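# Chain and residue survey
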Amino acid sequence: MYDITVFGEILIDFTSQGFNEDGQMLYARNPGGAPANVAVAAGRLGAHTAFLGKAGNDMHGKFLKSVLEEEKVDTSGLILDDQYFTTLAFVEVNENGERTFSFARKPGADTQIQKEEIEIDVLDKTSIFHIGSLSLTAQPARDTTLYAVKRARKKGSIISYDPNYRASLWPDEKMARQQMRSLIPYVDLMKISDEETELLTDEKEVEKAAETLYRQGVKIVAVTLGREGAYIYSKDGGCVVPGFEVTQIGDTNGAGDSFWGGFLYQIIVSGKRLEELTKDDLVKFARFGNAVASLCVEKKGAIPAMPTLEQVKKRL
């Protein structure tokens, strides 16, 4: 059995690193992609994780596979395709650590995975199945996502969802709203950022957005609030779990993914069914996730910045 299996994009984040002596912007090659980030974040804490998806059989795809293998993430379900290039994301980071994205993905290999290519020996043996929303932006990955979610749910997996809105990857906001909301009826656990509440629920207020998702069947909702921490909502109501003081910001790449990796890890080690988790449990899990995220943002990149369990315990 796998503790957490993730499905979706794995890509290269070319992250801005300032300028050279000629005034040209420099970029560092970092492994990334939200689902991959979650797998590594949970894996570094001690979870047994696996990745399902597709990259190109090129220098970048081979690099990404080697990174996952080094992090002990199972890659038996990672396909390197000769026909399509690995997706590239160029990330410009301002002085506050906030990001602007530009994607080379027309099409990226991650959008071209067929449902017949899913490694079902991994999918059918996972406690938590986690997906994002970038796999919904194009076919055939959109249909493959829905197939994988339905199959995992039928096999008894907990379904985790983090809709990750990137405007430039969608034809328009209407399509994004429709497709990103399409998975909600299948989801047990859901994380969104405070910037995505209106897009996913028509509610601007965090509390109302979380309650709306809960009423639609999501058992546990987490809304990340940046440096303020996270808002958690479940059968016992909602509350804000404060974040940790950050001494310095490298960049915010992977902040939400690291939080969610920590949160999912805590669900696994608790040994409890979702229905058994109390409000105190969820506050503890969110505080743990906040600690993971606070350590992640102090370094540059996403996967390279994920902390170990010992580092998180020290922060706590």
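Please refer to the structure higher up on the page.
Residues numbered from 1 in each chain as written. Predicted model: local features only at pLDDT ≥ 70, side-chain atom pairs only at ≥ 80, totals over all residues. Heavy atoms only, no water.

## Some points on the side chain of R105
Put simply, the rule is: Under the DSSP-based scheme used, a helix requires at least four consecutive residues in state H or I and a strand at least two consecutive residues in state E, with every element numbered from the N terminus. Working definition: with a 1.4 Å probe on protein chains only, accessible area under 20% of the residue-type maximum means buried, over 50% means exposed, and in between means partly exposed. Within 3.5 Å is the distance limit for a polar contact, defined as a pair of N or O atoms, with the added protein rule that one can donate a hydrogen and the other accept it, and that residues adjacent in sequence qualify only through two side-chain atoms.
In this structure, R105 sits in the loop between β7 (99-104) and α3 (120-123). Take R105: its relative accessible area is 12%, and that puts it in the buried class. For R105, the side chain forms a polar contact with the side chain of D110, separated by 2.8 Å. Only 3.0 Å separates the side chain of R105 from the backbone oxygen of L134, close enough to count as a polar contact.

## Re the pattern of salt bridges
We apply this condition: Take a side-chain nitrogen of Lys or Arg and a carboxyl oxygen of Asp or Glu: if they are within 4 Å of each other, that pair is a salt bridge.
Under the criterion given, the structure shown has 15 salt bridges. A salt bridge links K191 to D162; the shortest N-O distance between them is 3.5 Å. A residue pair is termed long-range when its members are at least 10 positions apart, and K191 in strand β10 (residues 189-193) and D162 in strand β9 (residues 158-162) qualify at 29 residues. Judged by its relative accessible area of 4%, K191 is buried. In this structure, the salt-bridge partner of D188 is K219, at a minimum N-O distance of 2.8 Å. Of this pair, D188 sits in the loop between α5 (173-181) and β10 while K219 sits in the loop between α7 (206-215) and β11 (220-224); the two residues are 31 residues apart in sequence, bridging distant segments of the chain. For D188, a relative accessible area of 8% gives the class buried.

## Quick notes on the packing of aromatic side chains
This is how the line gets drawn: For Phe, Tyr and Trp, rings pair up if their centres lie within 6.5 Å, where Trp contributes its six-membered ring, and each pair is then called stacked (planes under 30 degrees apart), edge-to-face (over 60) or tilted (otherwise). Both a distance and an angle decide whether a charge sits over a ring: NZ of Lys or CZ of Arg must be within 6 Å of the ring centre and within 35 degrees of the ring normal.
Taken as a whole, this structure holds 9 aromatic pairs when the rule is applied. Ring centres 5.9 Å apart and planes at 10° place the aromatic pair F101 and F103 in the stacked group. Ring plane angle 25° and centroid distance 6.3 Å describe the contact between F259 and W260, whose orientation is recorded as stacked. Taking the relative accessible area as the measure of exposure, W260 reaches 0% and is therefore buried. Clustering of aromatic rings is evident, with ring pairs tying together F259, W260, F263 and F285. For R29, the ring lying beneath its charged end belongs to F63, and the centroid distance is 3.8 Å.

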